[in-house]
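# Notes for the structure review
Chain by chain, the residues:
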Amino acid sequence: MTDKRIIHLMSVSSTQDEARKLVLREAEPEGRACPIGTVIVADTQESGRGRRNREWVSPTGGLYTSIIMKNDTHLPLRVGVAVARALREWSIDALLKWPNDVIVSERKIAGILIEAMSDRAIVGIGVNIEHAPLTTATCANDETASSGTRDELLAAILHEIEKTYEIDVIDTYRALCTTLGRDVTVTVGDETMAGRVHGIDRSGALVLKTDDKTRIINSGECNHVETLSAWRDPAEVLG
Ligand code: BTN
């Protein structure tokens, strides 16, 4: 991902759509090369989208970006780690709610949407910097006096993504994951399960202990029910 082309746009429907168009265009005869590492960043999005077809409200003053990357199984956790670490450089106490919501004191500050296109993935990242568009959300400016610009945050995230290829991403993810040890509900399709999180396995799956058994959950929607004391300060692990 070292070679990066950053394309700045003003208003788009969704940076995911712009990135997708570039990937599809590349496949056309005489299509322009659109290498891995191409980054689209927009000032606002009219139809920003989140996971599970939710809307991602995208007023000016936030970071809305899509990065064309090589797909890999750890990508969702890798990008979550990178965004949390970039925000921590601004002295924001950013943690991860499984799989990759970035939260501060249980309020969402950033979200990640990964859409696969054969061997590539379009990695969408939205960070609230100036405004928290929902009451359940927060933004960088409400959490720190040490924030910088949107483009500085983007550069930090891209740098942190590269660094994740040199570290044990699962161990770092675990250190930042505030879901570990918590009582949660997890929805997978039509089924909602309640239990306690006993771990994150080497594939990034949630290890959930319910009343009757231990379940390994590869993807789903997780909600924290209660805080437990099992949580550790990421600073102890991250230095
Ligand atoms: C989520 O938490 O549900 C994921 C939110 C992802 C939002 C980003 S903003 C940039 C990119 N473009 C989109 O339309 N969505 C992603």
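Look up a bit, the structure's there.
Residues numbered from 1 in each chain as written. Predicted model: local features only at pLDDT ≥ 70, side-chain atom pairs only at ≥ 80, totals over all residues. Heavy atoms only, no water.

## Some details on the environment of T214
Operational definition: Working definition: helices are DSSP H or I runs of at least four residues, strands are E runs of at least two. Numbering for both runs from the N terminus. Burial status follows relative accessibility: with a 1.4 Å probe on protein chains alone, a residue under 20% of its type maximum counts as buried, one over 50% as exposed, and anything between as partly exposed. Pairs of residues are marked as contacts when any of their non-hydrogen atoms sit within 4.5 Å.
Within the secondary structure, T214 is located in strand β11 (residues 214–217). By relative accessible area, which is 44% here, T214 ends up partly exposed. Taking C-alpha positions, T214 is 9.5 Å from V197, a pair spaced 17 residues apart along the chain. Discounting residues that sit within four places of it in the chain, T214 has contacts with V207, L208 and K209.

## Overview of helix α2 (residues 75–88)
Which entries qualify depends on this criterion: How far a helix is expected to stretch is found by multiplying one less than its residue total by 1.5 Å.
Compared with the 20 Å implied by 1.5 Å per residue over 14 residues, the 20 Å span of α2 between its first and last C-alpha is a close match. Regarding α2, the residues found buried are L75, L77, R78, V79, G80, V81, A82, V83, A84, R85, A86 and L87.

## Considering the site of the ligand
As a reminder of what qualifies: A cutoff of 4 Å decides nearness: a residue is near a molecule or strand if any of its heavy atoms lies inside that distance of it. The definition of a polar contact used here is a pair of N or O atoms within 3.5 Å, where within protein one atom must be able to donate a hydrogen and the other to accept one, and adjacent residues in sequence count solely through side-chain atom pairs. Residue-level accessible areas treat just the shown protein chains as cover; the underlying method is Shrake-Rupley with a 1.4 Å probe. Ten residue types, Ala, Val, Leu, Ile, Met, Phe, Trp, Tyr, Cys and Pro, are classed as nonpolar, four, Asp, Glu, Lys and Arg, as charged, and the remainder, Gly among them, as polar.
Lining the immediate environment of the ligand, one finds 20 residues, of which S14, Q45, R49, R51 and K108 sit closest. Contact between the ligand and T15: a nitrogen atom at 3.1 Å from a side-chain N or O atom of the residue. Between Q45 and the ligand, the recorded distance is 2.8 Å, taken from a side-chain N or O atom to a nitrogen atom. Contact with the protein chains removes 98% of the 410 Å² of surface that the ligand exposes when unbound. Those elements giving two or more residues to the shell around the ligand turn out to be α1 (15–26), β3 (63–70), β6 (107–117) and β7 (120–127). Classifying every residue of the shell around the ligand gives 5 nonpolar, 11 polar and 4 charged.

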